[in-house]
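# Secondary and tertiary structure notes
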Number of protein chains: 2
Amino acid sequence: MRWIGKDRQINGHILSGTEIFGNLAEEALDHVTRVSHRRPLAAGSSLFRQGDPADAFCVLLEGGIKMVQISPEGQQVVLRYIGPGEMFGAVALFCRTDYPATAVAVTDGLAAIWSRDTAEMLLRRYPEIGANALQVVGGRLQELQSRYRELSTENVERRVARTLLRLAARPGRPVADDTRIDFPISRQDIAEMTGTTLHTVSRVISRWEGLGLVASGRMALVLRRPQALSRIADDL
Amino acid sequence: MRWIGKDRQINGHILSGTEIFGNLAEEALDHVTRVSHRRPLAAGSSLFRQGDPADAFCVLLEGGIKMVQISPEGQQVVLRYIGPGEMFGAVALFCRTDYPATAVAVTDGLAAIWSRDTAEMLLRRYPEIGANALQVVGGRLQELQSRYRELSTENVERRVARTLLRLAARPGRPVADDTRIDFPISRQDIAEMTGTTLHTVSRVISRWEGLGLVASGRMALVLRRPQALSRIADDL
DNA sequence: CGGAAAATTGAATTTATTCAAATCCTGTGG
DNA sequence: CCACAGGATTTGAATAAATTCAATTTTCCG
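Residues numbered from 1 in each chain as written. Chains lettered and ligands numbered in written order. Predicted model: local features only at pLDDT ≥ 70, side-chain atom pairs only at ≥ 80, totals over all residues. Heavy atoms only, no water.

Turning next to the protein's contact with DNA strand C. If you check the shell around DNA strand C, you find 18 residues, and the closest are Arg187 and Ser202 of chain A together with Val156, Thr196 and Thr200 of chain B. Each atom of DNA strand C within 4 Å of the protein belongs either to a base or to sugar and phosphate, the latter forming 62%. Between DNA strand C and the protein, one listed contact pairs a phosphate oxygen with a side-chain N or O atom of threonine 197 of chain B at 3.3 Å. In this structure, a phosphate oxygen belonging to DNA strand C sits 2.4 Å away from a side-chain N or O atom of threonine 200 of chain B. Ranked by the residues each element gives to the surface near DNA strand C, the list is headed by helix α8 (residues 198-211) of chain A, at four residues. Of the residues that constitute the surface near DNA strand C, the class distribution is two nonpolar, 11 polar and five charged. (Near = heavy atom within 4 Å. Polar contact = N/O pair within 3.5 Å; in protein donor to acceptor, adjacent residues only side chain to side chain. Helix = DSSP H or I, 4+ residues; strand = E, 2+ residues; numbered from the N terminus. Nonpolar A, V, L, I, M, F, W, Y, C, P; charged D, E, K, R; others polar.)

By a simple turn and slide, chain B fits onto chain A: the slide is 0.0 Å along the axis, the RMSD is 0.0 Å, and the turn is 180 degrees. Viewed as a symmetry operation, the transformation between the two copies matches a two-fold axis. Comparing interface residues between copies, 100% of those in chain B also lie at the interface in chain A; the contact surface is shared. (Least-squares fit on C-alpha atoms with pLDDT ≥ 70 in both. Contact = heavy atoms within 4.5 Å.)

In the vicinity of DNA strand D lie 19 residues, with Val156, Thr196 and Thr200 of chain A together with Ser202 and Arg218 of chain B positioned nearest. For DNA strand D, the fraction of protein-proximal atoms (within 4 Å) that sit in sugar or phosphate groups is 59%. Within the side chain of threonine 197 of chain A, a nitrogen or oxygen atom sits 3.3 Å from a phosphate oxygen of DNA strand D. Between DNA strand D and arginine 203 of chain B there is a distance of 3.1 Å, counted from a base nitrogen to a side-chain nitrogen or oxygen.

Take the domain arrangement of chain A next. Residue and element names in this part refer to chain A. Segmenting chain A into domains produces domain 1 (6-151) and domain 2 (155-234). Measuring from the centre of the C-alpha atoms in domain 1 to the corresponding centre in domain 2 gives 25 Å. Counting from both sides, the interface comprises 14 residues of domain 1 and, opposite them, 13 residues of domain 2. Roughly 1200 Å² is buried in total at the junction of domain 1 and domain 2, and carbon and sulfur atoms are behind 52% of that figure. Inspection of the region where domain 1 meets domain 2 yields three salt bridges. As a salt-bridge pair, aspartate 189 and lysine 66 come within 2.7 Å of each other at their nearest N and O atoms. Counting every contact that joins domain 1 to domain 2 gives three residue pairs in polar contact (both at pLDDT 80 or more). Elements represented by at least two residues in the side of domain 1 that touches domain 2 include exactly β5 (76-82) and α5 (127-153). The element best represented in the side of domain 1 that touches domain 2 is β5, accounting for five residues. The residue inventory of the side of domain 1 that touches domain 2, partitioned by class, reads six nonpolar, three polar and five charged. (Domains from an automatic or database assignment. Buried area = accessible area lost by both parts, 1.4 Å probe. Salt bridge = Lys/Arg side-chain N within 4 Å of Asp/Glu carboxyl O.)

Laid out in structure tokens, this is it:
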């Protein structure tokens, strides 16, 4: 909730500053806002679930969300964390499939949502939205390709280091010393993001804590020396 | 080259039947075709390389291509195989970044390409192209998310089984007994697709060969009992 | 204060990698 | 036509990384 920028208010539009609507003209933004709905999110609740028919397009306004995919055998993977300004649930909508993952709120928050029909109407009316969507989805594809390569080729320690750095860098802020990851996150969550077990994550983080690289508590993490983590991640 | 459908010729348009232009009107297809260039591909050559500035959008007409990403340490990962009708090099173009991977021809083939400017012109002129692109990119994101989960949670044997089935199913054909993977592929390639080593792949495939599930040769594979592989992949 | 979820940690085990040789193809040049 | 060079594949043995199993401890909330 530290995440929400005041600039959004100053600008007069909650939706300016979002990746998908950010560059729209004033009047378009008005229109988009007018046909949106608000949906408060309670920490731990899910906005939609894997397998549900995709009927809404969403932008997170406040709080944090994790996208979780569960395998037929019941094993979970955290695909991605979403912060304010980011869209989600979009691909399923455009591709007319079911949601491929579950959106779980990690803090209390607020989402803006549009029905499928409304979203399609907006897309027809303001073609820039389509171009933006293509860029966003393309960017996510590229990021996931890199993470796929990392998961394929790198050991756990590196992957955990990368994951922590990525989480800390979330809204594009440079990661300084003593940067805190500003939403609650467990060892299990980190394990599900890095493709390992909570035990291994715990061991790795304990070691780092001993070396002074991080400080950790229950559901909390501070990167004390992110630069050292970068060195682990990138092997300089 | 067995891959190219005669129907494409009958229809009169090489580009009908492609995922990105398939649903365009006759005249639009003509236009798109007119402003395209052809580029023959020699097996083993690369159409573009990771890190090159993205200046072309491509559709494969004949042959096969693999998209390879290489890590700073030199380890390779095969992100995806591409068959006739599929586009590639698109995201980098729309996002104005460098190519995030290298496109290597696995057989002789033929690609249609468009320059960035031409592609942008077409995109403005025929908005359906944008919608198609969004669907294609979205679909690839979803597929990669599933593969990411599999890589995270499943053991090597399963992942190899899945990979072989996916390769055999390529252009959407149902996989019958004795389906051959119709392009040259090494143990190393399979390892780079599944996130393991060629040694482990070799062991797994040798065992399957002993059980009569597959027949294999140098750079060649036949799935003799794909159903049994599915059982390994999905644990029925 | 009590209970439950989160985290830590040791020991045993497993899976897959790494290291190290052989062996098998296949296309090429003599 | 055949030998051969080099890539592809196979396979064994040793090793390493991470998981699994099994407690125990810590922390937070009510």
